[in-house]
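Structural overview
One letter stands for each residue in the lines below.
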Amino acid sequence: MRKPKSAYPYWFVLPGAVIFTVLFLAPTVASFWFAFTRWDLYSAQFIGLDNFVQFFKEPFLVQGLWNTLIYAFLTSGTKSIFGLLLAVLLTSGIWAQGFLRTVVFFPVLVSTIGIGITFAALMHPTKGLINVGLDQIGIAGPGWLTSASLALYSIAFVDLWKGVGLATLIYIAGLSAISPDYYEAARIDGATRLQQFWRVTVPLVRPATVTVLTLSLIGGLRSFDLIWAMTKGGPGFSSDVLASVVYKQYQSGFYGLSTAGNVILFVLIAIIIVPMTYLFSRREVHQ
């Protein structure tokens, strides 16, 4: 007869399970429920899909959804590209390599709100250091944060400056794991530096690329603090993303509508991240 399994190991899982349930699982289930209600701090009335219907009927809410997608894919793509290029540069044995790695990674450690306030001052249309410097060489600087067509992209540039250090660090770890034998074999076959980069480096850092893309996309889809510190979603609704729209709806007392926005954001992240992770993991297994 088999000896019954001891419950002893499960006691080690219990604290983590309780914390996960209280801090994540229960609020998630509650959010899904409240998204189908019109609620305040004292009562809740079930209204079905009305919050979601209203969400997609409001033009500024839909614009926030599109801005979220643009911002997430733009920042994740640029972080992957520049992170890989910087990692290659910072593992090539250049002078002051260690110091330059520190400089590149330093913005990751700085407060996002602090960076947002600083760059908002630097990008001021008349008094900002950037436009003042451009004016000195005869170039009329644009309204980086006051132009509806530039505000979101200006914030994305700041996000790239702050987050590329982490992407670079991940790529440096990936490059360090590549055996020099691959490059030696490529050189013997007559491959140029550029061919070595495309045929050896890029394929072998695929796991690092997956990590960078996943983290950057999740961060971009959930982005709020940098956008709020720099523009508060303005001018108008041009730089609003889902997180800032949800915050504004909470401020205005539309709790059911804002909760529906949170659910849409949660589903959006799941729809993008889960298939992407599954697809890349399957490719790695086949390779």
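Within any chain, residue numbers begin from 1 and follow the written order of that chain's sequence. The model is predicted, so local features are restricted to residues of pLDDT at least 70 and side-chain atom pairs to those at 80 or more, both for listing and for counting; the totals for chains, interfaces and linings are taken over all residues. With hydrogens and water excluded, all non-hydrogen atoms of the structure serve as input to the side-chain values.

1. Considerations on a nonpolar patch on the surface
- Together, Y8, W11, F12, L14, V18, I19, V22 and L23 make up a nonpolar patch on the protein surface, roughly 930 Å² of accessible area in all.
- Here a helix means four or more residues in a row that DSSP labels H or I, a strand means two or more in a row labelled E, and each is numbered from the N terminus. Of note, I19 is situated in helix α1 (residues 10-34). A patch consists of residues whose relative accessible area exceeds 30% and which take part in no salt bridge; residues with like charges are grouped when within 9 Å of each other, and nonpolar side chains (Val, Leu, Ile, Met, Phe, Trp, Tyr) when within 5 Å. Only the protein chains shown count as cover for residues, and the accessible areas themselves come from Shrake-Rupley with a 1.4 Å probe. Take a side-chain nitrogen of Lys or Arg and a carboxyl oxygen of Asp or Glu: if they are within 4 Å of each other, that pair is a salt bridge.

2. Things to note about the side chain of K79
- Along the chain, the position of K79 falls in helix α3 (residues 59-90).
- When a residue's accessible area, from a 1.4 Å probe over protein chains only, is under 20% of the maximum for its type it is buried; when over 50% it is exposed; and in between it is partly exposed. For K79, a relative accessible area of 10% gives the class buried.

3. Details of the domain arrangement of the protein chain
- An automatic or database domain assignment provides the domain bounds reported here. Here the domain parsing of the protein chain yields domain 1 (7-48) and domain 2 (56-283).
- Each of domain 1 and domain 2 has a C-alpha centre, and the two are 31 Å apart.
- Each partner contributes to the interface: domain 1 provides 9 residues, whereas domain 2 provides 7 residues.
- Surface buried jointly by domain 1 and domain 2 totals about 660 Å² across both partners, of which 82% is contributed by carbon and sulfur atoms.
- In terms of surface lost to domain 2, no three residues of domain 1 exceed F32, A35 and W39, which account for 64% of the buried area on that side.
- The interface formed by domain 1 and domain 2 holds 0 salt bridges in total.
- In protein, a polar contact means a hydrogen-donor-capable atom and an acceptor-capable atom, both N or O and within 3.5 Å, with residues adjacent in sequence counting only if both atoms are side-chain atoms; elsewhere, any N or O pair within 3.5 Å suffices. Linking domain 1 with domain 2 are 2 residue pairs in polar contact (both at pLDDT 80 or more), by the criterion used here.
- Of all the secondary structure elements, the ones that give two or more residues to the side of domain 1 that touches domain 2 are α1 and β1 (37-39).
- No other element matches the 5 residues that α1 contributes to the side of domain 1 that touches domain 2.
- Split into classes, the residues belonging to the side of domain 1 that touches domain 2 amount to 5 nonpolar, 3 polar and 1 charged. Pairs of residues are marked as contacts when any of their non-hydrogen atoms sit within 4.5 Å. As used here, buried area is the combined drop in accessible area, with a 1.4 Å probe, of two parts when they are placed together. By the convention adopted, Pro, Cys, Tyr, Trp, Phe, Met, Ile, Leu, Val and Ala count as nonpolar, Lys, Arg, Asp and Glu as charged, and the other residues, Gly among them, as polar.

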